[in-house]
Amino acid sequence: MHRTKLIDHIILLFGVFFMIGPVFVAFMTSTHTAIDVHINGLQVSWGGDFVATYKELLTRKGGFTGEVTGARMVMNSFILGVGFAVGKIVLSMLAAYGLVYFRSRFSTLFFWMIFTTLLLPLEVRILPSYDVMTKLGLINTYTGLIVPLLASATGTFFFRQFFKSVPDELLEAARIDGAGPFKFFIDILVPLSKTMIAAIFIIMFVYGWNQYLWPMIMTNDESFYTLVRGIKQILLVWVGSQIPEYNQAFALAVLAMLPPVLMVVIFQSWFIKGLTESDK
Amino acid sequence: MKRVQFNSALLPYLFVLPQMAIIVIFFYWPSAQAIRSSFFLEDPFGFGETFVGFDNYVDALTSSYYLQVARFTVIFTIIVTFLSLTLGLLLASKADDVIRGSSSYKTLLISVYAIAPPVAGLLGMMFFDQHIGPFVKMASWFGWDMKVGINYFDTTFAMITVAVWKQIPYNFIFFLSGLQSIPVSVREAAAIDNRSRLGRFWTVTLPLLAPTAFFLLIINMTYSLFDTFGIIDVIVKDKAANNPITLVYKVYMDGFRGNDIGGSAAQSVILMIIVLALTFFQFRFIERRVHYN
């Protein structure tokens, strides 16, 4: 029995090494100078150049990113992540409320229209979506960056499931107390959904922060670049320069993964709750 | 539906309206346009279009390059799905077994979930870099001269490694929660019946995990088809020539780089049909599952 447990730990440690190793090496390498990396390869020790590398990445204009600073990209990523998460929660809570708590002739039609959006990812209609955005004049705007990503119903279904599990007695009691639809929604349903909202927020923030294809197509003005989008710029310079700025490339990768990873690690239980309940 | 509801003629529409508006403008309109332009040959400079019927579809499906990309997509999808499912399951079952340190293992393994595919691709690119990449050095110990981005097989290898690495945490989470929902009484009964751990795993645990595994199978297939776009784009660096790409990447290349709007749209519609088939399959299955519970 004792021996099998040891094997379990060895497998797990190996798994952790394989999963986390690259992230650790990326961080350590980003604290060395580009020349150091060029000569000695990837690093697993502290290089002491942490402040210099990150300061330059965050504040320098130009270089591989052209006109945008790293700090600006951090801000854009946060706008996209938070904007998407908040938009998703507001839209889908309202829609789910309308679908679950009201009797209306078209609710089945609406349900199916919303359901269909789950079937097709943005990637397959990327060109016509871009076309629509051009017609609406939304290229290089935060609205254009965020709103089209909201056109999928994952959140609506999650809240719909949740509202359906709320006991009917609650609404009956509220109505006896004289609460109207708005009062019931804001005073009872929203507070009741707090943990669900938190779980969805984390998942959606990570999803928004990690977007790549849509921002790549929607934004050619560099002041709208997000961190993940900025990777494309790094690669363009990668081939051309004499000694690639390895340290800055790794630093950008670290910056781009830090907020979502921290979010998932810190709010692990909510995250898992949201993930296992929304997808199944 | 609920037994108790509000009665209002206007309010339900008011609540559903924002969501519907966005869906119609940003989902139905572009989707309809994709289907429409798949039947047209459009001038890349915007001077008119000609109706060509199913020509775009015929062109796509008979082109040897398209078929080569489709073949790669299928192989890529199968390998990525298989490896990330089995490795995810292996780690989950070990994490479920150990008591000491299980929450640290869990946290460490889950954290990679939050990394964006293109960021994973960038890390992969640097680890497979000709000059500084440790994987290239390791491969050379075995006499393998790895040239990612130039050699077709080596690039495929790098793409698959990165894609699997990125997807393991997702499967890990679902398998672990599936394993932990198996009742203790079932585990104890199984332990009495079957002394070997592996035997128990095959005869008791795996069948109980089947619904989770099936759900994950579909999710992983969609992941390999679509979400790997970022990984591929970073590794291929816009140079599709002689590099392996997937069908989604070809839609993007033909549409945005090649200005072949009709052809790209036809490929989109083919992909839509594939996804619809997959989802239909999943939906049927999930509906059946509801009866189990």
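Right, let's walk through the structure included here. If you're wondering where the values come from, they're calculated on a predicted model, not measured in any experiment. (Residues numbered from 1 in each chain as written. Chains lettered and ligands numbered in written order. Predicted model: local features only at pLDDT ≥ 70, side-chain atom pairs only at ≥ 80, totals over all residues. Heavy atoms only, no water.)

## Some points on the overall build of chain A
Within chain A, the regular secondary structure consists of 15 helices and zero strands. With respect to the three principal axes, the spread of C-alpha positions in chain A is 75 × 65 × 30 Å. Taking as baseline every contact in chain A between residues at least 6 positions apart, the subset at least 24 positions apart corresponds to 73%. If you sum the accessible surface of chain A, you get close to 11,900 Å²; carbon and sulfur atoms cover 68% of it. Of note, chain A has its 20 positive side-chain charges centred 6 Å away from the centre of its 17 negative side-chain charges. (Helix = DSSP H or I, 4+ residues; strand = E, 2+ residues; numbered from the N terminus. Contact = heavy atoms within 4.5 Å. Areas by Shrake-Rupley, 256 points an atom, 1.4 Å probe, with all protein chains shown as cover. Lys, Arg positive; Asp, Glu negative; His and termini not counted. Charge placed at Lys NZ, Arg CZ, Asp CG, Glu CD.)

## Here's the deal with the environment of A70(B)
With respect to the helices and strands, the residue A70(B) is situated in helix 3 (residues 64–97). In sequence terms A70(B) and L41(B) are 29 residues apart; their C-alpha atoms lie 23 Å from each other.

## A look at the pattern of salt bridges
Enumeration according to the criterion identifies eleven salt bridges over all chains in this entry. A salt bridge links D187(A) to K183(A); the nearest nitrogen and oxygen atoms lie 2.9 Å apart. Linking D187(A) with K183(A), this pair stays in helix 10 (residues 181–192), spanning four residues, or about one helical turn. The class of K183(A) is partly exposed, set by a relative accessible area of 49%. One continuous salt-bridge network, built from bridges that share partners, spans D8(A), K94(B), D97(B) and R197(B). (Salt bridge = Lys/Arg side-chain N within 4 Å of Asp/Glu carboxyl O. Buried < 20%, exposed > 50% of the residue type's maximum accessible area, 1.4 Å probe, protein only.)

## Brief notes about the packing of helix 11 (residues 194–209) of chain A against helix 14 (residues 246–266) of chain A
Packed helix pairs are characterised by how far apart their axes lie and by the angle those axes make with each other. Residue and element names in this part refer to chain A. In contact at an axis separation of 10 Å, helix 11 and helix 14 are set at 170° when each is read in the N-to-C sense. Relative to helix 14, the element helix 11 is oriented roughly antiparallel. Seen from helix 11, the contacting residues are F201, I202, F205, V206 and W209; seen from helix 14, they are L255, A256, P259, P260, M263 and V264. Taken together, the residues that form the contact of helix 11 with helix 14 break down as eleven nonpolar, no polar and no charged. (Axes fitted to C-alpha atoms, helices over the stretch in contact; angles between N-to-C directions. Parallel < 35°, antiparallel > 145°, perpendicular 65-115°, else oblique. Nonpolar A, V, L, I, M, F, W, Y, C, P; charged D, E, K, R; others polar.)

## Some thoughts on the nonpolar core
Among the nonpolar cores identified, the biggest contains 175 residues, and Y97(A), Y101(A), F163(A), F271(A) and V119(B) are the most heavily contacted of them. Broken down by element, this core gets its largest block of residues, 14 residues, from helix 7 (residues 152–180) of chain B. Once residues lying within four places of it in the same chain are set aside, the contact partners of Y101(A) are F163(A), V166(A), L171(A), F184(A), L189(A), K2(B), Q5(B) and F6(B). Counting five residues, the second-largest nonpolar core is a separate cluster that includes V136(B), A139(B), M146(B) and A158(B). (Core = buried A, V, L, I, M, F, W, Y, C linked by side-chain atoms within 4.5 Å.)

## Observations regarding the interface of chain B and chain A
Between chain B and chain A, the residue contacts involve 90 residues of the former and 107 residues of the latter. Of the roughly 9,600 Å² buried between chain B and chain A, counting both surfaces, carbon and sulfur atoms make up 76%. Here chain B and chain A share three salt bridges between them. With a shortest N-O distance of 3.1 Å, R197(B) and D8(A) are connected by a salt bridge. Linking chain B with chain A are 17 residue pairs in polar contact (both at pLDDT 80 or more). It is helix 1 (residues 11–37) of chain B that contributes the most residues to the side of chain B that touches chain A, 20 residues altogether. Looking at side-chain class alone, the side of chain B that touches chain A contains 61 nonpolar, 16 polar and 13 charged residues. (Buried area = accessible area lost by both parts, 1.4 Å probe. Polar contact = N/O pair within 3.5 Å; in protein donor to acceptor, adjacent residues only side chain to side chain.)

## Comments concerning the packing of aromatic side chains
Aromatic ring pairs are defined here through the distance separating the ring centres and the angle between the ring planes. Residues and elements named next belong to chain A. For the structure on display, the rule yields 56 aromatic pairs over all chains. A ring pair is formed by F201 and F205, whose centres lie 6.3 Å apart and whose planes are at 10°; its orientation type is stacked. Of this pair, F201 and F205 are both found in helix 11, four residues apart, which corresponds to roughly one turn of the helix. Look at F201 and you get partly exposed, because its relative accessible area is 24%. (Phe/Tyr/Trp six-rings, centres within 6.5 Å; stacked < 30°, edge-to-face > 60°.)

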